[in-house]
Amino acid sequence: MTSRTDMHLLIQGAHALTMDPDLGDLAGADIEIRDGEIVAVGAGLDAPGAEVIDATQMIAIPGFVDTHWHMWGTLLRGVIGDGPKNGWFARKGKLGPYFTPEDTALGVRLAAAEGIAAGVTTVHDWAHNILGPEHADTNLQVHHELGLRAHFSYGAPSAHPSMSAEEMRRLMGDRGKGFDEAMDFADVKRIMGSATELVSVGVNLRGPARSSREVTGTEFAAARELGLPIAMHCAGTRAEVARIHQVSLLAEDGLLGPDLLLAHCLYLPDHDKALVAEHGVPVSISPLSELRLAMGFPPLLDLLDAGISVSLSLDTTAISASADPFQAMRVVLGIANSLRGDAEAVTPRDVLRIATLEGAKALGLGEVTGSLTPGKRADVVLIRTDRLNLAPVVDPAVAVVHSAQPENVDTVLVDGRALKRGGRLTTVDPEAVVADAERALAELCGRAGF
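First, a word on what this report is: a plain description of the structure on this page. Note that the structure is a prediction, hence the values are computed from the model and not measured. Sequence order as written defines the numbering, with residues in each chain counted from 1. Given that the model is predicted, a residue must reach a pLDDT of at least 70 before its local features are reported, and side-chain atom pairs must reach 80 or more before they are shown or counted; all residues, however, enter totals for whole chains, interfaces and linings. The side-chain values count all of the structure's non-hydrogen atoms but skip hydrogen atoms and water molecules.

**Some points on the pairing of strand β7 (residues 120–127)**
Next, step 1: The buried label goes to any residue with under 20% of its type's maximum accessible area, the exposed label to any with over 50%, and the partly exposed label to all in between, with areas taken from a 1.4 Å probe on protein chains only. Helical segments are the DSSP runs of H or I of at least four residues, strand segments are the runs of E of at least two, and each set is numbered from the N terminus. Along β7, 8 of the 8 residues are buried, which leaves the element largely enclosed by surrounding structure.
Next, step 2: Relative to strand β8 (residues 149–154), β7 runs parallel, the two sharing 6 bridges. The residue of β8 that forms the bridge with tryptophan 126 is serine 153. DSSP calls a pair of strands paired once it identifies at least 2 bridges connecting them.

Structure follows, in structure tokens:
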């Protein structure tokens, strides 16, 4: 592969699902890429000197954009069971405070490698267990090394609510904070210097359901003073909504805005839905984790009908089991159509757009990625169709959403750089990642007395 500064590629002969409303679907399409930018899409392109990628019998799509992924938690996948005693929240609460910077990096590396293999090119790394500056640094370093387009949201330590501030401080020293204290924005400001063309920075905040209303206001103000996007969990359970209406409180305090991204929103009251739509707040739904945790059914069509922009996410692969955006698309489509009793209420092209272009818009990257549009960066995924689980293909959108699996992903380009080529990852050694993760989890459990 050529160097970044003189990269000139021609993807040749693909069936392109561009997600561009003007270009639409193009059979036998070529995609010309120069210096990481898509410069042309069409049939029979003339690109002298370009390195050719033969994409016959392949479908080209924009890379998947995951808008809510706790990547650090992937290290815990082997010990996450089900229910209140053995599930995500209990095990995360027990083990999260004992993460070393290396543990954080290994969890992110495992998640990122699996995501790239499955065609994820942009990820919202919702890092809600930053125990100190070293954890933030190692987390970010993984993204710089592996080459994903990443939006890194810095967050407070993810301790179990039953852990008091005193227990946190005993475990973590001066870094330990309780749930009634604002997180460390001095360190947030420091890591803003780590931003690059591929890695952006924001914050994830606990909100009034998980901290006080006063702390929420302080944190929102600090984030906006720094010009940082904000992410927050909201209305994920009936119990939360019975106790507190977060959206209404944020509206009363003047905190809603399009720089806010909400995750889940399974049980928003109609009044809160209207506020979310009015203020242009996008919502990320996570069907695989929401089902496993018995949170409820993602209300995709209800949110869309309310005028809310919706994107798709895996949440954490410690819960959703694997980084499989194809499965996430199938599941959310099936649930939405079943709830409406209409098998065509949501189409495969609808859900593919939600998993790509709408995700890019939710992260403020709609002009950068999310569609195969000339002028955007070259985040492209090629899916082989000459495989038992896909062939024969008539409608490529149906094939991608209803039949494709991560192993069908042949090539993944991010900013024109091949992170997967010919079915093999290029920036990470999967065997080493697996071995390191297994060792680190065993040591983590030992330290935590688990």
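**Digging into the sheet that holds strand β12 (residues 283–285)**
Next, step 1: Spatial strand order, β6-β7-β8-β9-β10-β11-β12-β13: 8 strands in an open sheet with parallel pairing. Each edge of the open sheet carries a strand with a single partner, namely β6 (64–69) and β13 (310–312). Sheet twist, expressed as the average angle between the axes of neighbouring strands with direction ignored, equals 25°.
Next, step 2: Sheet analysis places strand β10 (residues 230–234) next to strand β11 (residues 260–264), joined by 5 bridges and oriented parallel. Note that in β11 the partner of histidine 233 across the bridge is alanine 263.
Next, step 3: Between two residues, a contact is recorded if the distance between any of their heavy atoms is within 4.5 Å. Interaxial angle, 0 to 180 degrees, is taken between N-to-C directions of lines fitted to C-alpha atoms, where a helix line uses only the stretch in contact. Of the strands in this sheet, β6 and β13 touch helix α14 (residues 348–355), which is tilted by about 80° from β13.

**Notes on helix α3 (residues 101–117)**
Next, step 1: Expected span, for any helix, means 1.5 Å times one less than how many residues it has. Compared with an ideal rise of 1.5 Å per residue, which puts 17 residues at 24 Å, α3 spans 24 Å between its outermost C-alpha atoms and is within 8% of the ideal.
Next, step 2: In terms of burial, α3 is a largely internal element, 14 of the 17 residues being buried.
Next, step 3: Positive phi appears at glycine 119, one or two residues downstream of α3, with a value of about 100°.

**Topic: the environment of alanine 355**
Next, step 1: Structurally, the position occupied by alanine 355 is in helix α14.
Next, step 2: Here the alpha-carbon distance between alanine 355 and phenylalanine 64, two residues 291 residues apart in the chain, equals 5.7 Å.
Next, step 3: In contact with alanine 355, not counting residues within four places along its chain, are Phe64, Val65, Leu312 and Met329.

**Notes on the nonpolar core**
Next, step 1: Ranked by size, the top nonpolar core spans 111 residues in total, and within it Leu76, Val203, Leu262 and Met329 carry the most contacts.
Next, step 2: Here this core gets 8 residues from one element, more than from any other, and that element is α3.
Next, step 3: Discounting chain neighbours no more than four positions away, the residues touching leucine 76 are Trp88, Lys92, Leu95, Phe99, Ala318, Leu441 and Leu444.
Next, step 4: Within this scheme, the nonpolar core is defined by two criteria: the residues are buried Ala, Val, Leu, Ile, Met, Phe, Trp, Tyr or Cys, and they are joined through side-chain atoms within 4.5 Å. By size, the runner-up hydrophobic cluster in this structure holds 20 residues, among which are Ala14, Val41, Ala55 and Ala60.

**A word on the packing of aromatic side chains**
Next, step 1: In this scheme Phe, Tyr and Trp rings, the latter by its six-membered ring, pair at centre separations within 6.5 Å, and the angle between planes marks the pair as stacked below 30 degrees, edge-to-face above 60, and tilted otherwise. Applying the stated criterion across every chain, the model contains 4 aromatic pairs.
Next, step 2: Here phenylalanine 64 and phenylalanine 326 contribute two aromatic rings whose centre-to-centre distance is 5.2 Å and whose plane-to-plane angle is 90°, an arrangement assigned as edge-to-face. Of the two residues, phenylalanine 64 is situated in strand β6 and phenylalanine 326 in helix α13 (residues 325–340); the sequence distance between them amounts to 262 residues.
Next, step 3: Look at phenylalanine 64 and you get buried, because its relative accessible area is 2%.
Next, step 4: Arranged with centres 6.4 Å apart and planes meeting at 90°, the rings of phenylalanine 152 and tyrosine 154 form a pair that is edge-to-face.

**Side note on the pairing of strand β14 (residues 380–384)**
Next, step 1: The element β14 is extensively covered by neighbouring structure, given that 5 of its 5 residues are classed as buried.
Next, step 2: Burial along β14 is two-sided: Val380, Leu382 and Arg384 and Val381 and Ile383, pointing in opposite directions, are all buried.
Next, step 3: Relative to strand β15 (residues 409–414), β14 runs antiparallel, the two sharing 4 bridges. Among the inter-strand pairings, valine 381 is bridged to a residue of β15, identified as valine 412.

**Describing the side chain of histidine 70**
Next, step 1: You can see histidine 70 is positioned in the loop between β6 and α1 (83–86).
Next, step 2: Here histidine 128 takes part through its side chain, which lies 3.4 Å from a polar atom of the side chain of histidine 70.
Next, step 3: Beyond its immediate stretch of four places on either side in the chain, histidine 70 contacts Trp126, His128, His233, Asp315 and Thr316. N or O atoms closer than or at 3.5 Å make up a polar contact, with two conditions inside protein: a donor-capable atom paired with an acceptor-capable one, and, for residues adjacent in sequence, both atoms drawn from side chains.

**A few points about unusual backbone geometry**
Next, step 1: With an omega of -10°, the peptide bond running from alanine 391 to proline 392 counts as cis.
Next, step 2: Summarising the element assignment, proline 392 is placed in the loop between β14 and α16 (396–402).
Next, step 3: Even without being glycine, glutamine 57 reaches a positive phi, approximately 60°.
Next, step 4: Structurally, the position occupied by glutamine 57 is in the loop between β4 (51–54) and β5 (58–62).

**Structural notes on the packing of α3 against helix α17 (residues 430–448)**
Next, step 1: Orientation of α3 relative to α17, taken along the N-to-C sense of each, is 140°, at an axis distance of 10 Å. With respect to α17, the axis of α3 lies oblique. Crossing angle aside, the handedness with which α3 passes α17 is left-handed. Across the interface between the two elements, Glu102, Asp103, Leu106, Arg109 and Leu110 of α3 pack against Val433, Asp436, Ala437, Arg439, Ala440, Leu444 and Arg447 of α17.
Next, step 2: Following the grouping adopted for this structure description, the nonpolar residues are Ala, Val, Leu, Ile, Met, Phe, Trp, Tyr, Cys and Pro, the charged ones are Asp, Glu, Lys and Arg, and the polar ones are all others, Gly among them. Of the residues in the contact of α3 with α17, the class split is 6 nonpolar, no polar and 6 charged. Roughly parallel means an angle under 35 degrees; roughly antiparallel means over 145; roughly perpendicular covers 65 to 115; every other angle is labelled oblique. Two helices cross in a left-handed way if the nearer one is turned anticlockwise from the farther one by less than a right angle. They cross in a right-handed way if the turn is clockwise.

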